[in-house]
Amino acid sequence: MNLVLLGPPGAGKGTQAAVLSQRLKIYHISTGDILRQNVKAGNAIGRKAMEYMEKGKLVPDEIVIQMVKEAINAKSSLSGFILDGFPRTLKQARQLDELLSGLNKNLDLVIDFKTTNSVIIKRLSGRRICRNCGANYHIKNIPPRIDGVCDKCGRNLYQRNDDKPQTVIRRIDLYRKSVTLLLDYYRKKAILEIVSGDLEVEPLYKVLIDVFKKRSLLQGYKIKK
Ligand code: AP5
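Just so you know, the residues in each chain are numbered from 1, in the order the chain's sequence is written. Side-chain atom pairs in this predicted model are given and counted only at pLDDT of 80 or more, local residue features only at pLDDT of at least 70, and totals for whole chains, interfaces and linings cover all residues. Hydrogens and water molecules were not included; the side-chain quantities draw on all heavy atoms of the structure.

## Section: the environment of Leu208
Inference 1: Structurally, Leu208 is set in helix H8 (residues 201–214).
Inference 2: The rule is simple: take the accessible area with a 1.4 Å probe, protein chains only, and divide by the maximum for that residue type; under 20% is buried, over 50% is exposed, in between is partly exposed. Exposure remark for Leu208: the relative accessible area of 0% places this residue in the buried category.
Inference 3: Linking Leu208 and His138, residues 70 residues apart in sequence, is a C-alpha distance of 22 Å.
Inference 4: Working rule for contacts: check all heavy atoms of both residues, and any pair within 4.5 Å makes them a contact. Every residue in contact with Leu208, bar those within four places of it in the chain, is listed here: Gln16, Leu20, Ile111, Phe113 and Val195. Comment: elements are numbered from the N terminus, with helices defined as DSSP H or I runs of at least four residues and strands as E runs of at least two.

## Section: the site of the ligand
Inference 1: Definition of nearness: a residue and a molecule or strand are near each other if at least one heavy atom of the residue lies within 4 Å of the molecule or strand. Close to the ligand lie 35 residues; Thr15, Lys57, Arg88, Arg127 and Arg171 are nearest.
Inference 2: One of the backbone nitrogen or oxygen atoms of Gly14 is found 2.9 Å away from an oxygen atom of the ligand.
Inference 3: Polar contact is the term for a pair of N or O atoms within 3.5 Å; when the atoms are in protein, one must be able to donate a hydrogen and the other to accept it, and sequence-neighboring residues count only if both atoms are side-chain atoms. Within the side chain of Asn136, an N or O atom sits 2.8 Å from an oxygen atom of the ligand.
Inference 4: Put simply, the parts of the chain that give the shell around the ligand at least two residues each are helix H1 (13–24), helix H2 (31–41), helix H6 (117–126) and strand S6 (136–138).
Inference 5: Per element, the largest residue contribution to the shell around the ligand is four residues, and it comes from H2.
Inference 6: All residues other than Ala, Val, Leu, Ile, Met, Phe, Trp, Tyr, Cys, Pro, Asp, Glu, Lys and Arg, Gly among them, are scored as polar; the first ten of these are nonpolar and the last four charged. In the shell around the ligand, the residues fall into 14 nonpolar, 11 polar and 10 charged.

## A few points about the pattern of salt bridges
Inference 1: The rule for a salt bridge is simple: a side-chain nitrogen of Lys or Arg has to be within 4 Å of a carboxyl oxygen of Asp or Glu. In the structure shown here, the tally under the stated rule is 12 salt bridges.
Inference 2: Here Glu62 and Lys91 are joined by a salt bridge, their closest N and O atoms 2.8 Å apart. Linking Glu62 in helix H4 (residues 61–74) with Lys91 in helix H5 (residues 90–102), this pair joins segments that are 29 residues apart in sequence.
Inference 3: With relative accessibility at 38%, the residue Lys91 sits in the partly exposed group.
Inference 4: Via salt bridges that share partners, Arg127, Arg160, Asp162, Asp163 and Arg171 belong to a single interconnected network.

On their own, these measurements won't tell you what the molecule is for.
Here you go:
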């Protein structure tokens, strides 16, 4: 099953993609995570990307498209992927179609996590990320066992630079302006489903499993509860 998760910042795309990836054994590709790895490595892509990310702007299509090509090609033999945070522009959506058709693959489903601004603000102000392994927490909703310390690897948690209130507002605004074209694009292909991103993690997972069942996408997958 090849999926795209759309949704505003803080909609829970990354969190839900990690859950689906772990329970259904599908490969999770997050363009935001790959960009942050490049920023951490301090390489040329990371330095360029940081200029845009810190301001809450989109990183140029060319950079992101190339990253996704490499990620999908590297794991093209796996049983499926979840793209989280890609595509964000029509150009990216069309290039994804081209890439998949070259690999004899299809996009099965695009899920839009429709999420209200008040939920987004609460989630992003409390989000904490592990500096080492990238695990994602929330100080109230999904707290680590020890305050400020990653459950998985024991390293420190930090707050993302682009989770500052002013940048969050810019990111939400940009998302709301750009998503309409993408929704129309996928609605015409009849592969779009809209779910509520306001739901908690487990109820949302159940809604997604129901959507997959309705679309007959679960053949060959073992569902872990
Ligand atoms: P990216 O990292 O993709 O950020 P985003 O799309 O803005 O999404 P977020 O990571 O902020 O939110 P999320 O929906 O994954 O929420 P999460 O699960 O973390 O991109 C960052 C930047 O990179 C962009 O601004 C851009 O500059 C650049 N970029 C990336 N892709 C690009 C592209 N394709 N083209 C161009 N530029 C690109 O959850 C948020 C918090 O809420 C967490 O604390 C979590 O624990 C908690 N939480 C999650 N789900 C729930 C739930 N259901 N209930 C309660 N709490 C929850």
